[in-house]
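So the chains spell out like this:
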Amino acid sequence: VETVPDPNLTDLVEEVSVKEPVYHKVGASNVVVLIDCGVKYSILRNLLKRRINIVRVPYNFSEKEILEYYPKGIVISNGPGDPKRCPKTIECVHDLVEEGIPIMGICLGNQILALALGGDTYKMKYGHRSQNQPVLDLKTGRCYITTQNHGYTVSLDALKENSMETWFVNANDKTVEGIRHKNQPAFALQWHPEAAPGPYDTEFFFDEFLKLTER
């Protein structure tokens, strides 16, 4: 057992992020920068089918490097491990929110957005790893069935003291499943709306993000 490395002490995101920018073009005029923390290809496909050009950048890019692409929006991708091991990403996202650029976070991206704005995260006892996790919209009362795969989550108490508000909670254990900024066009989801595998209940959030980039 002593020879098995502890994944919690490893910079897992560095291992799965691209090393140089990668371009995914569909001939559109609008550009979205995707901060690659280990992105699933299904997220890229969901953006591309909505006629969005993507610049996929390393997780440790700075705000200045990202703004050189004049993005209409920012996506913070999913990825492995402890979000607190991504301090450069957290700092960059903090600065991007201040710029007022539309931001969508997915899974690890949800945790990074929360940390960037003064929130906190913690390791769960078991985590959520299944295709049948129910999430409850606190505004409408509607429940969606979602796909999830994460071992860390956002602290509910810490959110009450900053500029983010809790949007979704897990119907089973009441952990935070989605957040949004009170004043800026930034939101994030703890689950995988790209639905690969399904269910397809919440793919429409890519359309909601697109609407923000078109304003």
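Residues numbered from 1 in each chain as written. Predicted model: local features only at pLDDT ≥ 70, side-chain atom pairs only at ≥ 80, totals over all residues. Heavy atoms only, no water.

Colleague: How should the overall build of the chain be read in this particular structure?
Modeller: Looking only at helices and strands, the chain has seven helices and ten strands in total. Whereas a compact globule of 215 residues would reach a radius of gyration of roughly 17 Å, the chain reaches 16 Å, a difference of no more than 12%. Overall, the chain is about 50 × 45 × 35 Å in size when its C-alpha atoms are taken along their principal axes. Looking at the chain as a whole, 54% of its 215 residues qualify as buried. Contacts spanning at least 24 positions in sequence make up 68% of the contacts within the chain whose residues lie at least 6 apart. By element, 49% of the accessible surface of the chain is carried by carbon and sulfur atoms, the whole surface being about 10,200 Å². (Helix = DSSP H or I, 4+ residues; strand = E, 2+ residues; numbered from the N terminus. Rg over C-alpha atoms; globule rule 2.2 N^0.38 Å. Buried < 20%, exposed > 50% of the residue type's maximum accessible area, 1.4 Å probe, protein only. Contact = heavy atoms within 4.5 Å. Areas by Shrake-Rupley, 256 points an atom, 1.4 Å probe, with all protein chains shown as cover.)

Colleague: Mind showing me how you'd approach the side chain of Glu63 here?
Modeller: Mapping Glu63 onto the fold places it in helix α3 (residues 63–67). Comment: no salt bridge for buried Glu63; closest opposite-charge side chain is Lys64, at 9.8 Å. Glu63 has contacts with Cys92, Asp95, Leu96 and Glu99, leaving out every residue within four places of it along the chain. (Lys, Arg positive; Asp, Glu negative; His and termini not counted. Salt bridge = Lys/Arg side-chain N within 4 Å of Asp/Glu carboxyl O.)

Colleague: Sorry if this is basic, but what is going on with helix α7 (residues 205–213) here?
Modeller: Note: α-helices contain 3.6 residues per turn, so residues at a spacing of three or four share the same orientation. Taken as a whole, α7 has its buried residues at Phe205, Phe206, Phe209, Leu210, Leu212 and Thr213. Along the axis of α7, the buried positions cluster into a sector of 155 degrees, meaning they face one direction only. Packing partners of the buried residues in α7 comprise β2 (31–36), α2 (41–48), β4 (73–76), β5 (103–106), β8 (164–170) and β10 (186–189). (Arc of directions from axis to C-beta.)

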